[in-house]
Structures are given as structure tokens and as C-alpha cells.
Amino acid sequence: MQQEDSGNAMKRTLVWVIAAAMAAALLPLFMGALIAYRTGDWYAGFKHSFDDQMVYAAWMTQAQDGHFLMDNRFAVDPQPGLTINVYFFVLGLISKLFGIPLTLSLARAGFAALFVLLLYRFLCRISPDTYFQKLGLCVGVFGSGFGFLVWHRFGDAFIPGDNALLSSLMGGRLPIDVWQSEAFVFPSMLTNGLFMAALCLILALLTAIWDARTSWKTVPVGVGCSLVLMNIHSYDMLLVGLVGLGFLAVQVAQKAVSGVWLFRALIIALGAVPSALWFAYVLQNDAVFQARAATPTYAASPRQVIVGLLPLMIGAFASFLVPRSDAAATHRARIGALIAGVGLLAMFLVGDVGGNQFWLGIPVWALAFVLSVVASVLLATESQAINLMQTWALVGVVAIYFPALFQRKLAMGMALPWSVLAAWGIYQVLKPKEKQTRIAGGAVALFAMCFTSIFWIQREREYITSNVARTTFNAVVYPPEVRNIMNKLRSLPGRKVVLAMPGINEQHADESGRGIDAYNPPYVSDLNAMASGFGGAYSFAGHWSETPNYADRRNKASKFFLKSTPEAERQAILGESGARYLIAPVPEAFPDMLQRYGQEFEDFRSRGRVLEGGTQFVLIDLDEASAKPGD
């Protein structure tokens, strides 16, 4: 009877966590839609990583038109259109019924629920104890670091007026749990369905590799996960490969390796080959894709990473120090914990760089990787599920410093193994205690390890109420005329090249005088990315990474719309962009432009046919005759 009651309680907890995950995924949509309903404005659907969401929207727009092979709508350069992304192709087909914002929100909610189920199944492999399973679910989903102590709404750096000691200690940069959503589960649920889909695939893939030790049943699942993961978020396959090598070393050390398991694991890994070959083909034949792939995304500094994970790491080290099955294994585990602890301390002390350079070269990185694997081997327990999490945690901290331009993206799901291990450590410490002590101790631990997640929800609300997205160049809600412009642009036939005014924002001091951490709504919202995402057009200066030579093109696009720009220069910019359509600001809507910025907007309404618009922006068709300078 007691076991049955415990099982029912676990089911209720599972339902509550799934409900909380789905609610978190849908909460931004509900909040934005409510504000838009009250004001009569249009909620575009996104507040975090607005420009990246428009990349997803551009792929979905192409899928709506039946294109399986896609191109980059943020570049006007010639391109063969070879990109395949099955995730956004499928979502694009669904969005024909529900629209892009709702479809992306439903995807976040769906994969959030799936992730909770996958995590629960994995936790059951570690222990049948429902107390641990509850801890593991809560910490796994909501686990974070000490970011709440230095919380900011924008950017990844401290601002003037912050605690000088903390700023100096952190090298002037904020912990990753403040800003790097893909490293954590709950922020990913809140902001990006692609991250949640990738997390589900990673967890399912690693589990399939593990299960392949004893059965062929999960091999097809693993092959499918490899194929899809390499296609939709290819960087993660390198992370999985590194973790897999570490886990293999643990198996070798425990003499648990069989030839048939290696063969099955190899088949699973080969599932990624078709996607990898196509990726290489596109990279070789698409110059625009080459430029995009060459955009550096450097990893955060070790100090940002460690402080962003520190509460979870403390709990994980409690699990590292749990006595093993015999004295020799316990002694080895102590040495492994020492290597891991000294390694993390060394990273913290010397790793104060980040954001704009590689921290480690190949030789030093390889040494760090080997040490992480050695620590994983020494820490090995009788539970292969725990061994997998320990390997993922230790290798993951090193993986993000692999010296390649995409290294920051290797932080995908970094907090998850630390969260599971932290829950295991808490469970081991509290297991011998009385029930009330276990409940109180677990509550305190959850508070310390999950508190930053509350701030992510609060920030979403603040973005909506202040009407400024995290990019600071995009609003959250727009006047209906902007939606009408995007719909009109979407309906135009053929290849559409658009030139729009890049965004202009204005920093202002909040009541505390902190300054840079508060923004007004954009003075002019950047509609370039929206023209590509919602309008299906090619934008001349649409995205910091997707657009080749973005800084130069952004500067030219800005100059194009200014009244002071010589007409010959304006025509040269128009010729370079190849734009036929303008989304132009209406000068009367920005009467203090000259006073604020020393510039005025040119009025383009007489230079072509106005297709759509209103009091702030107009969509103009520049045909051959009207593209000439006006009187």
C-alpha cells in the first residue's frame, strides 16, 4: 500500500512538472497576447533572441511555400539554396494552420513536456526512490547558478555602479545563468523550442548508446536521433561524441566493454553521416553559408561558467564523495573528485578571459579533456547512469573551450548533468534523515539551486511591459500597420529584396541610476529581420551573423534613409542591395529625430508606389521609373 501511494505521489509530481514546463513555454505568448489585446497592437511573438527567432521564421516561411531546400533570406548575395532543416520544415508546414508565433510556442511546450518525460525515465534508471526522482525532476528542469545575485536584463557584462568586487572577481562579465539560455533547461523552455528539441535528442541519443550495451532495440532510435540532431543542431553531435569517448573510457576501465556494444554504438554514430555529408557539401558550395559559419561565437569565460553552475556543482561534489562499494573504489573516487575540483579551481583562477577570443589552444585543450576523462574514470560507480552524468558534466565544462569558432554553442544543456548529480548528492546526504528533515533540506536545496529561474520569468514580463526585446533594437508589440506591411510583403510574388531602416535604441537610467541595464522602447524598431522572417523577403542588413559583412551593410542601410546622405551615395547603396522594396519610416512620426540624433529621415513616399503602411512606416515599391531622385 505504501509503495502504491508513493507511486501515485510520483505520478502527481510528474504531472505537475510537465504542466509547469508547458506553462513556462506558453507563458511568454500569453503575456504578449494579453498586452496586445489591451492596446490593440500586434504581438510579434518574441522577446528573447528576436533576430534568431526571425531566422527560424524565415525557414518556416519557405517551408510554407513548399521549399525543402532553403536559402538565407538575410543575404542578398547569390546562393544556391541548399540548406535543409527538418525541424523548421515540419514546423513551417504546421504554421500554415496556426501561424509562426503560435507554432513556435506550441513546439516549445511540446518538447518541454517530452523532455520532462525523458528525464523522468532516465532518473528511474538511477534509483527507484521517488524522493530522488522528485528532486531530480525539479533540479533538472529548474536548476541554475548564482545569477540572481547579479541579475541584469540586458547583455552579459556588469554595468557601471555594480559591485566593484564582484565585477572584478568575474572579469566584468555576468554568470552564464543570467544570459546563456541554451546551457540551462528552464530558460530554453521559456525562449527557444529548437534548444528543447536538441536537448530531447541529446538525452535520447546518450540513453540509446548506453542501452545498446545490452540490446539492439534502441539502435534504430539512436540512429534517428543522430541523423536529426546533426541536421538541426550539428554542433551538439561534437558534444555527444566527446561525452561518448569519455563514457567509453569509463567502460574500458570497468572492463564492461563488449565488441557487440561497440558495433552497435558505431552504427548509432553512423546515423549522423548523411547529415554531416550534406553539411559539408553545402559548406563547400554556398559562399553565403561559408561566411555565416565563419562568424565567431566564443565561449564564456570559465568564471562565468563556474559561477553560473556553482550551486549545482556543490551538490554534485557531494555525490562525488559518497562512499563506493569498497574502500579501494572510495579512495579512487576521492582522487577523482580532487582532480575535478583542482581543475575547476584552476580554470576559475586563470580563466578570466572570454567573449572575444579562444581561451585554450589545441594542445592545452586536449590535456584538459584527458584530465576530465581521467576524473570520470576514477569517479565511476556501479551505476552506469551516474557514470554517464559524471562524464557529461566534467567533459562538458571542457568541451566549450574546443578552439573552433562555434565553441559557445557546445554549452548546449551544460547544466543538465550537473543538476542530476546535484539531486543525487542531496538525496545521498538526506536519505538517512527523518522525513521532515528530508523535506526541509530538499526545499532549502531547491531554493538555492533554482532561484535564478524565477528571474527569467520576471524578465519576460519586464520586456513586455517596457516594450523592448532583449536585442534592444526590436519592440515586443507593434502597431497593426507593421503586421499589415509584413502580410503585404508576404503576398508579393517572386524574389523580394527589401531595404529597411536598422533599429535605433536609446539607453536611459532607471530609478536606481544604474544606467545601461534599462532601455526605452526602440526609437525605431529594426524591421529588416521581420521582413525576412514574416515577409519572406531578402533583407540587405538583417542579422548580425546571417548577413555577410553585416556591420558595413548596416551602416549603409542606415545612411540610405537619412536626409543628409548625398543622392549619388544613396543610389549606390540601392544598387548594391538590389532592393526593389523599402520599408521606410514616416518622417512626421519621428519629429525629434534631428534634436536627438542630429539627423532627419528622408521622405520616400514620393519615390515609388506606397503598397501598405500608416503613420509610422510605409512599404514602398520602387519601380524603374520612380527609383530615380525626386524633385
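Please read all numbers here as calculations on a predicted model, not as lab measurements.

(A) View of a nonpolar patch on the surface. A cluster of nonpolar side chains, V90, I94, L97, F98, L102 and L106, forms an exposed patch at the surface whose accessible area comes to about 540 Å². Elements with a contribution of two residues or more to the nonpolar patch: α3 (86-98) and α4 (100-126). Among the secondary structure elements, L106 is positioned in helix α4.

(B) Local environment of the packing of aromatic side chains. Under the defined criterion, the tally for this structure stands at 39 aromatic pairs. Aromatic side chains F132 and Y427 sit 5.6 Å apart centroid to centroid with 55° between the ring planes, which places their arrangement in the tilted category. Highlighted residues: F132 in helix α5 (residues 130-142) and Y427 in helix α19 (residues 415-430), separated in sequence by 295 residues. For Y427, a relative accessible area of 5% gives the class buried. Following the ring pairs from residue to residue traces out a cluster consisting of F146, F148, W151, F447, F451, F455 and W456. Lying across the ring of Y131, R438 places its NZ or CZ 5.7 Å from the centre. The side chain of R554 reaches across the aromatic face of F473, ending 4.7 Å from its centre.

(C) Quick peek at the pattern of salt bridges. On inspection of all chains with the given rule, the structure shows 20 salt bridges. Here D211 ties to R125 by a salt bridge, and the two come within 2.7 Å at their closest N and O atoms. With D211 in helix α9 (residues 193-211) and R125 in helix α4, this residue pair connects regions lying 86 residues apart in the sequence. Overall, D211 belongs to the buried group, its relative accessible area being 16%.

(D) Just the side chain of N528, in detail. Structurally, N528 is set in helix α22 (residues 528-533). A relative accessible area of 0% places N528 in the buried class. For N528, the residues in contact, after removing those within four places along its chain, are L499, A500, M501, P502, S539, A541 and G542.

Basis of the calculations
- Residues numbered from 1 in each chain as written.
- Predicted model: local features only at pLDDT ≥ 70, side-chain atom pairs only at ≥ 80, totals over all residues.
- Heavy atoms only, no water.
- Patch = residues over 30% accessible without salt bridge, like charges linked within 9 Å, V, L, I, M, F, W, Y side chains within 5 Å.
- Areas by Shrake-Rupley, 256 points an atom, 1.4 Å probe, with all protein chains shown as cover.
- Salt bridge = Lys/Arg side-chain N within 4 Å of Asp/Glu carboxyl O.
- Helix = DSSP H or I, 4+ residues; strand = E, 2+ residues; numbered from the N terminus.
- Phe/Tyr/Trp six-rings, centres within 6.5 Å; stacked < 30°, edge-to-face > 60°.
- Buried < 20%, exposed > 50% of the residue type's maximum accessible area, 1.4 Å probe, protein only.
- Lys NZ or Arg CZ within 6 Å of the ring centre and 35° of its normal.
- Contact = heavy atoms within 4.5 Å.

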